[in-house]
Amino acid sequence: MSEIIETDVVIVGAGPAGLFAVFELGLLDIRSHLIDILPRAGGQCSELYPEKPIYDIPGLPVVTGQGLTEDLLKQIEPFNPTFHFNEMVETLQSVGTEDKPSFIVTTDAGKKFQSKVVIVAAGGGSFQPKKPPIPEIDAYENKSVFYPRRRMEDFDDKDVVIVGGGDSALDWTLNLQPVAKSLTLVHRRDAFRAAPHSVKAMHDLAAQGKISFKLGQITHVAGANGELRSATLKSNDGVEAQLPCDRLVPFFG
């Protein structure tokens, strides 16, 4: 049986909410351990848009996702939290009483934690990409097909195809347009799950000829040695066309 790690609080999720919880707990001299499935702190801010400007953080007119993460890590340094990365919480068991609550948290790495409080700051849950149903896409992953989009320089002077209609897809369309050689946004319908301001900005860029917006789905990719050269677009009326594509960024789920 693995040794039980005892702490005051277990925080599930090391994104901005989890990191700031460490700060607030630290002010009260409360110890914490953080568990996250990712290999680093920052959550969605670091994985989806590390270089994207963020404008809705109180007290900060503008900050990037990575900048916010680094500032939060610096803020909690005095409290010495313990991080457990690349681990997913599998079970949560109440072992205390109403007067003296206590919980056992178990991860997929076999670690067990006992704490008085468990804070779930996991956002949308374990952050794992849902892969699109495109044949042989595995051969291009992390070379020219990207799920976590960490570095904008990976797209510099490339023919970029972004697939999706949510906030992340629209945000990356707007932020990559200035650096990409060409950019095509593909979505299955002309309705979006994104902020109206972002949708309008995307349509404005399309009207100016700075990006292309296509209705349909990507059904095949072609290339060699992990490097893409084209993607097949199947439009909603069944017509297929080849798009120049050095970099494919699918946002599925």
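Residues numbered from 1 in each chain as written. Predicted model: local features only at pLDDT ≥ 70, side-chain atom pairs only at ≥ 80, totals over all residues. Heavy atoms only, no water.

All right, on to helix α4 (residues 167–176) then. For α4, a buried count of seven out of ten residues is recorded, marking the element as mostly surrounded by other parts of the structure. Three or more residues of α4 are buried, namely S168, A169, L170, D171, W172, T173 and L176. On its buried side, α4 packs onto α2 (43–48), β11 (159–163), β12 (182–187) and α5 (196–207). (Buried < 20%, exposed > 50% of the residue type's maximum accessible area, 1.4 Å probe, protein only. Helix = DSSP H or I, 4+ residues; strand = E, 2+ residues; numbered from the N terminus. Contact = heavy atoms within 4.5 Å.)

One pass over the structure, following the stated rule, counts six aromatic pairs. The interplanar angle of 55° and the centroid separation of 6.1 Å between the aromatic rings of F155 and W172 together place this pair among those described as tilted. Placement of F155 in the loop between β10 (117–120) and β11 and of W172 in helix α4 is noted, with a sequence separation of 17 residues between them. Taken individually, F155 and W172 each receive the classification buried, so the pair is uniform in this respect. Feature note: the residues F20, F23 and F79 constitute an aromatic cluster, connected by ring pairs. (Phe/Tyr/Trp six-rings, centres within 6.5 Å; stacked < 30°, edge-to-face > 60°.)

Among the nonpolar cores identified, the biggest contains 39 residues, and I11, V160, I162, W172 and L176 are the most heavily contacted of them. By residue number, the principal contributor to this core is helix α1 (residues 16–27), which donates five residues. Counting 16 residues, the second-largest nonpolar core is a separate cluster that includes I137, V163, V186 and I218. (Core = buried A, V, L, I, M, F, W, Y, C linked by side-chain atoms within 4.5 Å.)

Below, the discussion takes up α1. For α1, spanning twelve residues, the distance from its first C-alpha to its last is 17 Å, which sits close to the expected 16 Å at 1.5 Å a residue. G18, L19, A21, V22, F23, L25 and G26 are the residues of α1 that are buried. Here the buried face of α1 lies against β2 (9–12), β3 (32–35), α3 (65–76), β6 (82–84) and β10. Directly beyond the C-terminal end of α1, a positive phi value near 60° is found at D29. (Expected span 1.5 Å × (residues − 1).)

Moving on, we get to the environment of E6. Structurally, E6 can be placed in strand β1 (residues 4–6). Along the sequence, E6 and H33 sit 27 residues apart, while their C-alpha atoms lie 9.3 Å from each other.

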